[in-house]
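Survey of secondary and tertiary structure
The primary structure of each chain is shown beneath.
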Amino acid sequence: MKNYEISKIRNVSLLGHRGSGKTTMAESLLYISKAIDKMGTVENGSTVSDYDKEEIKRVFSINTSVIPVEYNDIKYNFLDTPGYLDFIGEVQSSVRVSGSSVIVLDATAGIESGAERAWRMLEEDFQPRIIFLNKMDKGFIHYEKLLKELKEKFGKKIAPFCIPIGEKEEFKGFINVVEMKTRIFNGIECVDGEMDDSVDISEVRNLLLEAVAETDEKLLEKYFNGEEFTIEEIKNGLHKGVVNGDIVPVIVGSALQGIGIHTLLDMIKDYMPRPNEMFNGERRGQDQANEPITRKVDREQPFSAIVFKTLVDPFIGKISLFKVNSGVLKKDTEVFNPNKNKKEKIGQIFFLRGNKQEIAQEIGAGDIGATTKLQYTQTGDTLCDKDNIIIYRGIKFVKPCFYAGVEPADKADDEKLSMCLQKMTEEDPTFKMYRNHETKQLLIGGQGEKHLYITICKIKNKFGVHAVLNDVIVSYRETIKKETSAQGKHKKQSGGAGQYGDVFIRFTPCDSDFEFIDDIHGGVVPRSFIPAVEKGLIEAKEKGVLAGYPVIKFKATLYDGSYHAVDSNEISFKQAAILSFKKGISEANPVLLEPIMKFEIIIPELYLGDIMGDINKRRGRILGMDHNEYGEHVLFVEAPEVEMLKYALDLRAMTQGRGVFTFEFLRYDEVPNNLAQKIIEERKS
């Protein structure tokens with residue numbers, strides 16, 4: 001694969017809902033460009049893009065694949081992304097480095113949540129896009145109705161560039177209203193044809209010409225004077241409108257049949273931005289003093305790149321995928337990682353196509369490549385010339401919203417499992433792991449049950465470690481509701497030196513988690529033993545009297561006691577404090593507390609009633625409501641953690657994948673008595 005100059009490179013993400021045909025499109029693009037001799041299929045597990053064992057087994061994409069396509073002296077770096085919400089991190093990293101995107105829609109299904117999510121992401125990133133209506137040959141499609149839905153959902157910038165010819169199995173091509181010609185599928189390939197004069201395309205074409213006119217004052221004047229635009233003027237105007245985000249072309253086709261794929265490539269070449277075109281050809285960053293700095297997207301500039309994906313291979317090691325923003329990266333050179341303040345040695349560099357490597361001597365500005373065995377670098381880090389340091393904005397990944405416990409099937413693999421999970425966090429920044437030291441449970445977090453299950457399947461495939469998922473153990477607490485006092489007396493005589501400690505402690509509810517007050521007068525308890533009393537209480541409060549959960553929100557006041565001149569020591573007073581705690585807490589009306597979480601739930605208005613009703617069933621409280629810039633409802637909710645452990649799955653089901661939420665710990669509240677009794681009984685059993 002040769003090196004291309006910047007003007008001949010296009011970096012394009014393929015986005016859309018699961019099953020819309022992104023991977024089939026990538027396969028079709030490879031076939032048309034003669035990179036492969038025969039198209040593989042997702043169903044047979046024979047595509048270039050879906051090469052992972054789990055992808056082949058499950059018949060859907062899990063990872064983003066880089067699919068370079070060389071066609072008519074242009075290099076298209078397609079990033080084929082997963083459509084499942086569980087793997088949204090793959091989409092976020094791809095959009096971060098691509099200059100444009102194709103949103104693939106299953107025309108038979110309409111606008112699904114995956115397409116809406118992709119559109120929003122591109123809007124926030126100011127990224128140009130094309131909408132490709134796929135599977136036009138699969139069923140009855142009301143094209144005009146679908147266009148209307150697109151305009152209602154995404155606004156007036158939607159601009160149809162094509163009119164389909166035929167429906168369902170009779171779909172055979174389309175009219176290109178820009179070039180005023182047809183593209184007809186002859187059973188093998190699409191060929192240009194003359195347009196039928198009986199077909200009226202004036203309305204669609206006028207909409208396009210009006211959009212072209214609004215991109216330039218001279219063109220606008222020409223439009224109002226009724227003068228015809230040349231093809232070059234139309235293309236230049238459309239290019240400007242698309243790059244500015246004022247126009248989003250809509251084209252039609254069938255990735256499986258190869259209909260519309262040539263047109264897609266031509267449109268990406270003509271209308272999508274070159275790597276040095278967006279943002280005045282500059283990439284903004286910071287120096288090590290956090291001062292703004294820019295780099296021109298130019299081969300003559302100092303080298304800089306951003307790492308957007310990491311792959312963990314048990315044999316090769318770590319593979320880092322990067323996009324070069326400026327300069328040229330050559331093999332066997334030393335670069336600097338300013339995020340980690342470490343130097344990295346670059347050995348081999350290569351282009352990736354799926355999982356196939358093609359060795360490169362150099363990779364220049366605007367292009368995408370990969371290298372192996374970087375010691376410190378992680379996804380989102382910047383690599384740059386050590387004498388010209390720049391730090392680019394990292395990749396903003398979503399936080400986990402679903403957690404589960406995980407343990408090895410073979411207890412001997414406990415340490416190995418933790419190591420493997422840590423490697424998975426390098427490969428997938430939306431996946432997290434930590435150990436709850438209170439419950440001793442190893443927890444993993446991600447975007448859903450499928451996400452976590454596939455991750456442990458990957459571990460088994462790559463490292464041979466089998467793990468199982470289980471429910472999260474909720475960390476309850478205990479507290480007291482009334483004031484009480486209790487004596488704790490530890491007396492032991494068994495030959496030789498004895499043990500004697502005697503304390504009177506008052507236990508009182510309070511707002512802080514734990515407070516110890518020394519109220520001893522007259523030396524009834526020597527000063528040297530008072531720290532031991534506090535130490536005993538700190539140890540005892542970790543295991544409450546109801547169900548063995550930590551005790552919080554209480555104050556302990558040491559106000560009296562006695563000692564023995566010979567037998568008293570620190571251990572004796574520590575034990576006396578523990579005895580006082582157990583007796584006093586038992587008599588202070590102890591109750592069980594549960595963690596309450598604060599949620600911010602974003603949903604379309606259509607689902608508002610169902611979601612509010614569901615929150616009430618979960619013992620949740622809606623504290624307030626707002627609207628975001630997309631007209632969606634934002635609910636501010638607090639609810640018990642135990643009721644929301646699988647809320648990510650339930651919300652997705654209730655909103656067809658359109659609802660999202662974030663959460664954080666808020667406080668502990670008393671558990672209703674009927675539920676508390678069940679928890680206590682389960683704990684004791």
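Everything below is about the structure shown above.
Residue indices follow the written sequence of each chain, beginning from 1 at its first position. Residues qualify for local features only when their pLDDT is at least 70, as the model is predicted, and side-chain atom pairs are given and counted only at 80 or more; totals for whole chains, interfaces and linings, by contrast, use all residues. To obtain the side-chain values, all non-hydrogen atoms of the structure were included, while hydrogens and water were left out.

1. Details of helix α14 (residues 608-617)
To keep it simple, the criterion reads: With a 1.4 Å probe rolled over the protein chains alone, any residue whose accessible area is under 20% of its type maximum counts as buried; one over 50% counts as exposed, and the rest are partly exposed. Secondary structure elements are defined from DSSP: runs of H or I of at least 4 residues count as helices, runs of E of at least 2 residues count as strands, and each element is numbered from the N terminus. The reported arc concerns the directions from the helix axis to the C-beta atoms and nothing else. Contact criterion: two residues are considered in contact whenever any of their non-hydrogen atoms come within 4.5 Å of each other.
Among the residues of α14, L608, I611, D614 and I615 are the ones counted as buried. The buried residues of α14 all sit within an arc of 135° when viewed along its axis, so they share a single face. Exposed residues pointing more than 90 degrees away from the buried face of α14 are listed as G609, D610, N616 and K617. Looking at the buried side of α14, the elements it contacts are β34 (590-603), β35 (621-627), β36 (633-640) and α15 (647-655). Two residues or fewer after α14 comes R619, characterised by a positive phi angle close to 65°.

2. Overview of the packing of helix α12 (residues 530-540) against helix α13 (residues 570-586)
What counts, and what does not: Orientation is described by lines fitted to C-alpha atoms, with helices fitted over the stretch in contact, and by angles between N-to-C directions that extend from 0 to 180 degrees. Between 65 and 115 degrees an angle is taken as roughly perpendicular, under 35 as roughly parallel, over 145 as roughly antiparallel, and anywhere else as oblique. It is the rotation of the near helix from the far one that decides the hand of a crossing: anticlockwise by less than a right angle makes it left-handed, clockwise makes it right-handed.
α13 packs onto α12 with a crossing angle of 45° between their chain directions and a minimal axis gap of 7 Å. Taken together, α12 and α13 sit at an angle that is classed as oblique. Classified by chirality, the crossing of α13 by α12 is right-handed. On α13, the residues touching A532, V533, G536, L537, E539 and A540 of α12 are E570, F573, K574, A577, I578 and F581.

3. Description of the sheet that holds strand β31 (residues 499-509)
What counts is decided by this rule: Strands qualify as paired when DSSP identifies two bridges or more between them.
Pairing in this open sheet of four strands is mixed, and the strands run β30-β31-β33-β32 from one edge to the other. Of all strands in the sheet, those with a lone pairing partner are β30 (484-492) and β32 (514-518), marking the two edges. Pairs of neighbouring strands in the sheet enclose a mean axial angle of 25°, with direction left out of account. Contacting β31, β32 and β33 (554-562), α12 runs over the sheet at an angle of about 155° to β32. Those strands touched by α13 are β30, β31 and β33, and its axis lies near 40° from that of β31.

4. Thoughts on the state of the cysteines
Which entries qualify depends on this criterion: By disulfide we mean two sulfur atoms from cysteines, separated by a distance within 2.5 Å.
Evaluated as defined, the whole model comprises zero disulfides. Between C401, a cysteine without a disulfide, and C457, which holds the nearest cysteine sulfur, the sulfur-to-sulfur distance is 19 Å. Residue classification places C401 among the buried positions, given a relative accessible area of 14%.

5. Re the side chain of T379
The criterion, for reference: Two N or O atoms form a polar contact when they lie within 3.5 Å of each other; inside protein one atom must be a possible hydrogen donor and the other a possible acceptor, and for residues adjacent in sequence the pair counts only when both atoms belong to side chains.
For T379, the position within the fold is in the loop between β22 (368-372) and β23 (382-384). Separated by 2.8 Å, the side chains of T379 and T310 make a polar contact. Apart from residues lying up to four places away in sequence, T379 is in contact with V307, F308, K309, T310, I395, F397, E426 and P429.

6. Topic: the packing of helix α3 (residues 88-97) against helix α4 (residues 113-124)
Relative orientation and spacing of two packed helices are given, respectively, by the angle between their axes and the distance between those axes. Quick note on the threshold: Under the scheme applied here, ten amino acids are nonpolar (Ala, Val, Leu, Ile, Met, Phe, Trp, Tyr, Cys and Pro), four are charged (Asp, Glu, Lys and Arg), and all others, including Gly, are polar.
At a closest axis distance of 11 Å, the pairing of α3 and α4 adopts a crossing angle of 35°. Read as a crossing pair, α3 and α4 show a hand that is right-handed. Contacts between α3 and α4 pair I88, V91, Q92 and V95 from the former with R117, M121 and L122 from the latter. Looking at side-chain class alone, the contact of α3 with α4 contains five nonpolar, one polar and one charged residues.

7. Brief notes about the pattern of salt bridges
Heads up, the condition is: Every case where a carboxyl oxygen of Asp or Glu lies within 4 Å of a side-chain nitrogen of Lys or Arg is listed as a salt bridge.
What the rule picks out here adds up to 42 salt bridges. A salt bridge links R658 to E116; the shortest N-O distance between them is 2.8 Å. Placement of the pair is R658 in the loop between α15 and β37 (660-670) and E116 in helix α4, with a sequence separation of 542 residues. Through salt bridges with shared partners, a single ionic network connects E179, K181, R183, D192, K235 and D270.

8. Details of the packing of aromatic side chains
Condition: Centres within 6.5 Å are what make two rings of Phe, Tyr or Trp a pair, Trp counting through its six-membered ring; a difference in plane orientation under 30 degrees is then read as stacked, over 60 as edge-to-face, and the rest as tilted. The rule is short: NZ of Lys or CZ of Arg within 6 Å of the ring centre and within 35 degrees of the ring normal puts a charge over the ring.
Enumeration over the complete set of coordinates arrives at 20 aromatic pairs. Taking the centre distance of 4.4 Å and the plane angle of 50° together, the rings of F60 and Y84 count as tilted. With F60 in the loop between α2 (53-58) and β2 (65-71) and Y84 in the loop between β3 (74-80) and α3, this residue pair connects regions lying 24 residues apart in the sequence. The pair F60 / Y84 is uniform in exposure class, with both members buried. A connected cluster of aromatic rings, assembled from ring pairs, spans F507, F514, F554 and F581. One Lys or Arg, R120, reaches over the ring of Y630 and ends 3.9 Å from the middle of that ring. Stacked on the ring of W119, the Lys or Arg R129 has its end atom at 4.5 Å from the ring centre.

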